[in-house]
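Report on the structure
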Amino acid sequence: MDLGTKAIHVGQEPDEATGAVIPPISLSTTFAQLAPGTPRSHYDYARSNNPTRENLERCIAALEEAEFAFVFSSGLGATTTLLHLLSSGDHVICIDDVYGGTQRYFRNVAARFGVTFSFIDFEGDAYPKALAEHPNTRMVWLESPTNPTLRVTDIAMVAKQTPPRVLLVVDNTFMTPYCQQPLKLGAHIVMHSMSKYLNGHSDVIMGAVALRDRALADRLRYLQNALGAVPSAFDCYLVHRGLKTLAVRMERHCDNAMKIAEWLEQRSRMEPKRIHRVIYPGLASHPQHEVAKRNAARPGAFGGMIAFSMDNAAECLSRMRLSTLAESLGGVESLIEVPALMTHQSVPAAERERLGIDERLVRWSVGIEAVGDLLRDLQDALDASNAS
Ligand SMILES: *Cc1c(COP(=O)(O)O)cnc(C)c1O
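Owing to the predicted nature of the structure, the values given are computational and were not obtained by experimental measurement.

1. Brief notes about helix H5 (residues 126–133)
Of the residues making up H5, those classed as buried are Tyr-127, Ala-130 and Leu-131. Down the axis of H5, the buried set is contained in an arc of 100 degrees. They therefore lie on one face. The exposed set on the far side of H5, more than 90 degrees from its buried face, consists of Lys-129, Ala-132 and Glu-133. On its buried face, H5 is in contact with strand S4 (91–95), strand S5 (116–120), strand S6 (137–143) and helix H6 (155–161).

2. A word on the pattern of salt bridges
Following the criterion strictly, the structure yields 22 salt bridges and no others. For Arg-267, the salt bridge is made with Glu-271, and the minimal N-O distance between the two is 2.6 Å. Judged by relative accessible area, Glu-271 falls into the buried class, the value being 18%. For Arg-267, the salt bridge identified is with Asp-383, shortest N-O distance 3.0 Å. With Arg-267 in helix H10 (residues 246–270) and Asp-383 in helix H14 (residues 371–387), this residue pair connects regions lying 116 residues apart in the sequence.

3. Thoughts on the sheet that holds strand S9 (residues 207–211)
Sheet architecture is open: seven strands sit in the order S3-S9-S8-S7-S6-S4-S5, paired in mixed fashion. Of all the strands in the sheet, the pair left with one neighbour each is strand S3 (68–72) and S5. With direction set aside, neighbouring strand axes in the sheet form an average angle of 20 degrees. Relative to S6, S4 is paired through four bridges, and the arrangement is parallel. Along S6, the bridge assignment pairs Val-92 with Met-139.

4. A look at the domain arrangement of the protein
Segmenting the protein into domains produces domain 1 (3–243) and domain 2 (247–387). Each of domain 1 and domain 2 was reduced to a C-alpha centroid, and the two centroids are 27 Å apart. Each partner contributes to the roughly 3,000 Å² buried at the junction of domain 1 and domain 2, and carbon and sulfur atoms together form 58% of this total. Our count for the domain 1 to domain 2 interface comes out at two salt bridges. The closest approach of N and O atoms between Asp-96 and Arg-354, which form a salt bridge, is 3.4 Å. Scanning the region where domain 1 abuts domain 2 turns up 15 residue pairs in polar contact (both at pLDDT 80 or more). Among the elements of the structure, helix H1 (3–9), helix H7 (176–179) and helix H9 (233–243) are those that each provide at least two residues to the side of domain 1 that touches domain 2.

5. Thoughts on the site of the ligand
Around the ligand sit Ser-74, Gly-75, Leu-76, Tyr-99, Asp-171, Thr-173, Phe-174, Ser-193, Ser-195, Lys-196 and Met-206, and those are all the residues in its vicinity. The separation between an oxygen atom of the ligand and a polar main-chain atom of Gly-75 is 2.9 Å. One of the side-chain nitrogen or oxygen atoms of Ser-195 is found 2.6 Å away from an oxygen atom of the ligand. Coverage of the ligand by the protein amounts to 94% of the 380 Å² it exposes when considered alone. For the shell around the ligand, the per-class residue count stands at four nonpolar, five polar and two charged.

Parameters at a glance
- Residues numbered from 1 in each chain as written.
- Predicted model: local features only at pLDDT ≥ 70, side-chain atom pairs only at ≥ 80, totals over all residues.
- Heavy atoms only, no water.
- Buried < 20%, exposed > 50% of the residue type's maximum accessible area, 1.4 Å probe, protein only.
- Helix = DSSP H or I, 4+ residues; strand = E, 2+ residues; numbered from the N terminus.
- Arc of directions from axis to C-beta.
- Contact = heavy atoms within 4.5 Å.
- Salt bridge = Lys/Arg side-chain N within 4 Å of Asp/Glu carboxyl O.
- Pairing = 2+ DSSP bridges.
- Axes fitted to C-alpha atoms, helices over the stretch in contact; angles between N-to-C directions.
- Domains from an automatic or database assignment.
- Buried area = accessible area lost by both parts, 1.4 Å probe.
- Polar contact = N/O pair within 3.5 Å; in protein donor to acceptor, adjacent residues only side chain to side chain.
- Near = heavy atom within 4 Å.
- Areas by Shrake-Rupley, 256 points an atom, 1.4 Å probe, with all protein chains shown as cover.
- Nonpolar A, V, L, I, M, F, W, Y, C, P; charged D, E, K, R; others polar.

What follows is the structure, given as C-alpha cells:
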C-alpha cells in the first residue's frame, strides 16, 4: 500500500463491537480483569498501553516502514526516552545545528547524568574522526535538513560509516515519511515531533519514535512505561485524524515551497542587494541538492521549509498579512519568522554567526494555502517595505 492509503486505514479499522467506522476514543485508565493478574486483553493500565494510542502507534510504524512505533507526550519526551537507552559514560555524536530544545536537553540536562556529547558538522571526514576520537560513542543524532539553514546530510552515507555498536537516530520532523524514510536509508531509529507536520494543525504537542529491531523495541516499550512521558488518548485521536491527510498536505507543502523558492530566487536576481540568498533543498542552487535528491522518498519531496536572507527582514515580515509571524512549523497555515530574534535567540551569538543565522535570515514554514495568495502577500510586503 502507498503511504497515503496507509495513513487513512492502518489503525482505523471499523470498531469490532459496533461497526463504528471511526474507532472510539478509549479514555479508561484501567481495564477489568477476569481473575487476579489475568486481564481480559493485553491492556491493564493506560500508561502502559491503551487502544487509542496503540492505533496511532500502528499507523506511525506503517508510515515509516518500521515494525514498531511508540508515541510520547512531546518530541522532547521521545528524545528523553531515547537517551535513557544510554548509560553514564556513553558518548553521543550530534549534528551541530540540531533543534534548540534537543541541544538544551543534551547540554544542560543529559550531560549532568554522565553522558557526553560532541556537536559536529557531518561534511567531509568529521564523522569518522569523531568516532575514532570517542570509542565510547553509542548514539548518533542527525537532522537533515537542519533548522533553519537547511543543510542536508547524506543519511545513507552516515549509516554506512556507523559501526554496529552505535545507534543512528534521525529526527525526521522536518521531512515526515512522505518526503524521507530514514530507516530505508539505514538509520536504526526515526524520531518525530508530531507537533509539526504529522499532526499538521498546530493544536497538539506530541512525539514519536519508530524502529525495526525487536529487542530495541522491547527496551523502548519498557522505558515508555517506566519514564511515563505518554500522551493523552484525546491527543492520540487528534494526531491520528491529522495523519489521514498527511500525503495530500505534504504534496501541497512541497509544491508551494518549490514555487515560492523559485519566485524568491528570481526576485533575488532582480534585487541582489536586497535578497541575498534563497535556501531550499529542491533548488539546483542548493549546495547539497544532489544529496537531497538521494535522501528523498519520492521525486520532488524536499519539504515545506524555506529560508532566505534579506535586508530589513523584520520590517518586511511585520507587513505580511497571510503568513503569520510566529515560531513553530508544519501546520496547514503558513508561519514566518526571523530565527535570530525568535526560535534561535538562545543560541550563543558566536555560534549563530558560525551557522549563518543573522537578523537577515528568514525561515518560512510554507502552508497549504493557494500559492498565488502567498506570493501576493510576499510581493505586497516586499513592495511596501521597499517604498518606505
Ligand atoms: C519541535 C521540534 C522538536 C521538539 O518537539 P516538541 O514536540 O516541541 O517537544 C524536536 N525536533 C525538531 C526538529 C522540532 O522541530
